[in-house]
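Listed below are the residues making up each chain.
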Amino acid sequence: MGKGGGDSSAQYRQDEQARQAAIRDGTAKIDETFAQFDDDFYTKQREAFLDFARPQLEDQRADASRELVYSLARSGQLEGSARAQKTSELSKLYDLESQNLADKALEHENKSRTNVENARADLVSTLNATGDASGAANSAIARSAALSQPAAYSPLADLFTSYTSALGTSAAAERARSYGWGSNKQVGSPSWYGTPSSAVSVTGG
């Protein structure tokens, strides 16, 4: 009876040692497969988003700049101080959106890092539960292949809509005043067109 219990204990220890050895082997294989996810990999995730987004930002800025020139030309203010003022506003908006893109790129990098760490933790947890080193190795290969796929990005929305809309509104108001339509006072738009051509100065007599 006692001998049988001793044999069972020995078998249990032997089985547990084999299981722990399989876990160590499986963990090593997981780590080997996931070694590709280093700092350089995460940096590339950030750069990939910027490579996708920056050309769109530059194109939108160029479009907004052209719209500014057209608007100033229509209002007869192309050579005035209005151009410097509105160009400065455009530059500030561009800098703000550039920083926003940089922040989003960092978010993509951090999200990629989190996804990899979660996947590895999940694989190790499953390995500890099953002791299946071969299954863990195969799963690690499949998960790493999925994590290595390029991310899918959505095109940028128009980042300069408010700016160009304000230009169009101001230009339309200026044209209306030049024909004597409506009030001489611009409502909800910057006073960067100067004195309206339809303004009349009346002195007391």
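Figured I'd write up the structure that's included with this text. Just so it is clear, the structure is predicted and the values come from calculations on it, not from any experiment.

## Concerning the overall build of the chain
- Helix and strand counts for the chain come out as five helices and zero strands.
- Counting the 205 residues in the chain, one finds 29% classified as buried.
- Long-range pairs, those at least 24 residues apart, make up 78% of the contacts in the chain with a sequence separation of at least 6.
- Accessible surface, the chain: about 12700 Å² in total, of which carbon and sulfur atoms supply 51%.

## Brief notes about the packing of aromatic side chains
- For the structure on display, the rule yields five aromatic pairs.
- Ring centres 5.3 Å apart and planes at 75 degrees place the aromatic pair F49 and Y153 in the edge-to-face group. Taken together, the positions of F49 in helix α2 (residues 39-75) and Y153 in the loop between α4 (133-147) and α5 (161-178) put the pair 104 residues apart, joining distant regions of the chain. This pair shows no difference in class: F49 is buried, exactly as Y153 is.

## Re the environment of T27
- Here T27 lies in helix α1 (residues 2-34).
- Once residues within four sequence positions are removed from consideration, T27 is found in contact with R120 and L127.

## Description of the nonpolar core
- Formed by 19 residues in total, the largest nonpolar core has its most connected members in F49, L57, L101, F160 and Y163.
- Put simply, the parts of the chain that give this core at least two residues each are α2, α3 (81-130) and α5.
- A per-element tally of this core places α2 first, with seven residues.
- Once you skip the residues sitting within four places of it in the chain, L57 turns out to touch Y94, E97, S98, L101, L156, L159 and F160.

## Quick look at the pattern of salt bridges
- Under the definition given, this model contains 11 salt bridges.
- Where D40 meets K44, a salt bridge forms, and the shortest distance between an N and an O atom there is 3.3 Å. Taken together, the positions of D40 and K44, both in helix α2 and four residues apart, correspond to about one turn of that helix.
- Its relative accessible area of 44% is what places D40 among the partly exposed residues.
- Residue K44 is classed as partly exposed on the basis of its relative accessible area, which comes to 48%.
- Residues R113 and E109 are paired through a salt bridge, measuring 3.5 Å at the closest nitrogen-oxygen approach. Here the residue R113 and the residue E109 both occupy positions in helix α3, the gap between them amounting to four residues, near one helical turn.
- According to the relative accessible area criterion, R113 is partly exposed, its value standing at 25%.
- We classify E109 as buried; its relative accessible area is 8%.
- Counted as one network, the salt bridges with shared partners bring together D39, R46, E109 and R113.

About the criteria used
Each chain has its residues counted from 1, following the order in which its sequence is written. The predicted origin of the model limits local features to residues at a pLDDT of at least 70 and limits the giving and counting of side-chain atom pairs to 80 or more, whereas totals for whole chains, interfaces and linings rest on all residues. Excluding hydrogens and water, the side-chain figures rest on all heavy atoms present in the structure. Each helix is a run of H or I in the DSSP string that is no shorter than four residues. Each strand is a run of E no shorter than two, and both are numbered from the N terminus. Residue burial is assigned from relative accessible area. The probe radius is 1.4 Å, only protein chains are included, and a residue is buried under 20% of its type maximum, exposed over 50%, and partly exposed in between. By definition in these notes, contact holds between two residues if any of their heavy atoms fall within 4.5 Å. Only the protein chains shown count as cover for residues, with accessible areas throughout obtained via the Shrake-Rupley method and a probe of 1.4 Å. Note on ring pairs: Phe, Tyr and Trp rings are taken, using the six-membered ring of Trp, and paired if centres are within 6.5 Å. Classes follow the plane angle, with under 30 degrees stacked, over 60 edge-to-face and the rest tilted. Within this scheme, the nonpolar core is defined by two criteria: the residues are buried Ala, Val, Leu, Ile, Met, Phe, Trp, Tyr or Cys, and they are joined through side-chain atoms within 4.5 Å. Here, a salt bridge means any Lys or Arg side-chain nitrogen found within 4 Å of an Asp or Glu carboxyl oxygen.

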